[in-house]
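# Per-entry structural report
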Amino acid sequence: MMRHVGWWFSGVIVLLVATIVLAVMVGTTWIGPHRLLQILSQPASRDFVTVFNLRLPRIISSLICGGSLAVAGALFQAVFRNPIADPSILGISSAADFFKLGGVLLVPWLPGRQWLLALLGGVVALFILTRGRALRDPYRLIIIGVALDATFVGLSRLVSSGQTAQVLPSTFNATTWTDTWTLLILGLLGLLGALLLAPWANHLKLADTALQTIGVPVKLIRWSLLLLGTYLDVSVTAIVGAIPFVGIVVPNLARRLVGHDYQTLLPFSMLAGAWLMLAADTLGRTVIVPSEISAATMMAVIGGPFVIILLQRGRGFHGITTG
Amino acid sequence: MELQQVRFRYPGQATGLAELTGTFPLGKVTTIIGPNGAGKSTLLKLLSRQLQADQGSITLGHKALTSYSAKQLAQQVAVVSQRHELYDDMTVAAVVKMGRLPYHGLFATVSDEEIAAYLEQTQLTDLADEHLQNLSGGQQQRVWLAMALAQEPRVLLLDEPTTYLDVHYQQVLMTQLRRLARQGLTVIQVLHDINQAFAVSDWLWLLRAGKLVATGTPAQLRQAKLLAQAFATPIEIVEVPRLGPYIVQVPATD
């Protein structure tokens, strides 16, 4: 198994590097490897500006966002013990979007309001989601999450009607270096935290009663992982906007490739999520040049059918009860 | 382990335990017997602090159970439940390692060496990397026992541990529990098979409707009238060659 896992890690790293190189070269203007080397000594050239000011921030941002969203999904699945739990379909992302919009309208003077308000929105949605019996009932959780998502999407539309401020489509287009640095700092902190807390996600495979008898602080673990997942998701939503399904597609595929141990699953999901997001964004900005398809649209097109197949086939591990 | 006037009621229900006072002798196998609804599993949950008594006290080594931190208690008391839920795939080794968590910090990783003895004790060494969902009921039960033993507890609580085991594994488990008791472990279990309870136990607790009807050695409690009253059914004790006294339920006559 370990050798097998090593191969998958090698595979995704090779894929990631190849896609990064390709993403630097493709776009409205093709900049080949030879030209890439040339422009390194021509900082005033148009191609240099295209690569360093437009493509690179976009590539780095999509890598961080993909990794963050994939890990956020895996953490939610561990806590809710549900393979399709993900901040994007449970209303966390849309709540973050709504609060972000509220920030633009109500406190435009507040520094860092996008992230702060998005985080507040995510935590509010999380609080609503975890009330009552949703934690113990996987079907109830999803239904409440979908309702929550629809409510916050509706509220955003309601608030923005007649206003200049709108919830913009989630895209990496026009990502600046400032956005990229913000994402890098927020994302890397969260991802490091996730790697540190990976064993806790494994603990939650046992029932709460069993965990209590071995002295594990279940509430502390559950809330730490939930807040970390929320933090990762809203950090992406604050800068780029809500992007669906990365957190469902990636961890579920990763489980089949590298197994169910979160200490392996989280780093693999990080890499695979980064690759998927970059591949989706690169494809989205090259298939209908000079126009482009947003990352959120690309992921909806890829992720929606994946979730349907996942649920209809009913394969994968959904827990056992043993004597 | 000692109970002093322990009373417990489930909220909004009439069932529970009333004024239980008694002792579980250390280093012995004690079995709690009684009809359905007598409060046997509730008592085990009180002993593991999964439930809190409304009144009275439970002490372990002259110290109130409530005064132990969660981690301290996990080092003293381990539980093997009747049913275990696993929400995601785990290997045998990963489950057994969970039993060592009471001895580590929250971020620590348990090594393979640390659990080797418990795997060997439960004959699971060859299955260490096997996934739990691929094991038989008997093998899975051994995994949960190995996890409990990894806690190095003073008291081991088992709720109907033989329910999902065939006759052979029931025998193996009971022999193992007796061996552990000889090594100093206090074993407290709930069993439905009354003859098995009398055969393997050093001490018995007989419950009925939340009350302690009698407590003593199997020889002291092997009384047809006492058992008939407790189980509300006619009972006789017959002598079976090579087996000794055997408790049988006799059909009621008009």
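Worth saying up front: this structure is predicted, and the values here are computed from it rather than measured.

How each quantity is defined
Residues numbered from 1 in each chain as written. Chains lettered and ligands numbered in written order. Predicted model: local features only at pLDDT ≥ 70, side-chain atom pairs only at ≥ 80, totals over all residues. Helix = DSSP H or I, 4+ residues; strand = E, 2+ residues; numbered from the N terminus. Rg over C-alpha atoms; globule rule 2.2 N^0.38 Å. Buried ≥ 20, exposed ≤ 12 C-beta atoms within 10 Å, placed from the backbone. Contact = placed C-beta atoms within 7 Å. Core = buried A, V, L, I, M, F, W, Y, C linked by C-beta atoms within 7 Å. Domains from an automatic or database assignment. Nonpolar A, V, L, I, M, F, W, Y, C, P; charged D, E, K, R; others polar. Arc of directions from axis to C-beta. Pairing = 2+ DSSP bridges. Axes fitted to C-alpha atoms, helices over the stretch in contact; angles between N-to-C directions.

All right, on to the overall build of chain B then. If you tally the helices and strands in chain B, you get 9 helices and 13 strands. A compact globule built from 254 residues should have a C-alpha radius of gyration of about 18 Å, and chain B, at 19 Å, falls within 12% of that. Counting only residues that meet the buried cut, chain B has 41% of its 254 residues in that class. Counting only contacts in chain B whose residues sit at least 6 apart along the sequence, the fraction spanning at least 24 positions is 63%.

Quick look at the nonpolar core now. With 163 residues, the main nonpolar core has V71, L75, L225, I243 and V246 of chain A together with V96 and A146 of chain B as its most contacted residues. Per-element tally for this core: the top contributor is helix α3 (residues 46-80) of chain A, with 15 residues. Filtering out sequence-adjacent residues up to four positions away, V71 of chain A remains in contact with L191, A194, L232, L266, S269, M270 and G273 of chain A.

Moving on, we get to the domain arrangement of chain B. Residues and elements named next belong to chain B. Partitioning chain B into domains gives domain 1 (2-87 + 149-221) and domain 2 (222-254). Between the C-alpha centres of domain 1 and domain 2 the distance comes to 24 Å. Contact residues are listed per partner, giving 12 residues for domain 1 and 8 residues for domain 2. Of the residues assigned to the side of domain 1 that touches domain 2, the class counts are 9 nonpolar, 2 polar and 1 charged.

This part covers the interface of chain A and chain B. With 23 residues of chain A at the contact, the number on the chain B side is 31 residues. Mapped onto the side of chain A that touches chain B, the elements with two or more residues apiece are α7 (177-203), α8 (208-213) and β1 (320-322) of chain A. The leading source of residues in the side of chain A that touches chain B is α8 of chain A, at 4 residues.

Let us look at the environment of P83 of chain A. Inspection of the secondary structure puts P83 of chain A in the loop between α3 and α4 (92-106). Remark: the alpha-carbon pair of P83 of chain A and L311 of chain A, spanning 228 residues in sequence, is separated by 9.4 Å.

All names here are of chain B. Within helix α4 (residues 112-121), burial applies to I115, Y118 and L119. Along the axis of α4, the buried residues cluster in a sector spanning 105°; they form a single face. α4 presents E113 and E120 as exposed residues on the side facing more than 90 degrees away from its buried surface. Buried-residue contacts for α4 involve α3 (92-98) and α5 (137-150). Trailing α4 by a residue or two, Q123 shows a phi angle of about 55°, which is positive.

Attention shifts here to the pairing of strand β10 (residues 203-208) of chain B. Residue and element names in this part refer to chain B. Along β10, 5 of the 6 residues are buried, which leaves the element largely enclosed by surrounding structure. Taken together, the 4 bridges between strand β3 (residues 29-33) and β10 define a ladder with parallel strand orientation. Looking across to β10, one finds that T31 is bridged to L204. Relative to strand β11 (residues 211-216), β10 is paired through 5 bridges, and the arrangement is antiparallel. Bridging from a neighbouring strand, L204 pairs with G216 of β11. Where β10 folds back onto β11 in an antiparallel hairpin, the turn is made up of 2 residues, including A209, whose phi is positive at roughly 50°.

Turning our eyes to something else, we now look at the sheet that holds strand β6 (residues 77-80) of chain B. Residues and elements named next belong to chain B. Strand order across the open sheet formed by 6 strands is β6-β8-β9-β3-β10-β11, with mixed pairing between neighbours. Sheet topology places β6 and β11 at the edges, where each strand pairs with a single neighbour. Sheet twist, expressed as the average angle between the axes of neighbouring strands with direction ignored, equals 15°. Set on the sheet, α5 makes contact with β6 and β8 (155-159); between it and β6 the angle comes to about 175°.

What follows concerns unusual backbone geometry. Residue and element names in this part refer to chain B. In this structure, E19 is a non-glycine residue whose phi angle is positive, near 50°. Structurally, E19 can be placed in strand β2 (residues 16-23). Residue class for E19 comes out partly exposed when judged on the 14 C-beta atoms lying within 10 Å of it. Phi angles above zero are rare outside glycine, and R49 is one such case at about 65°.

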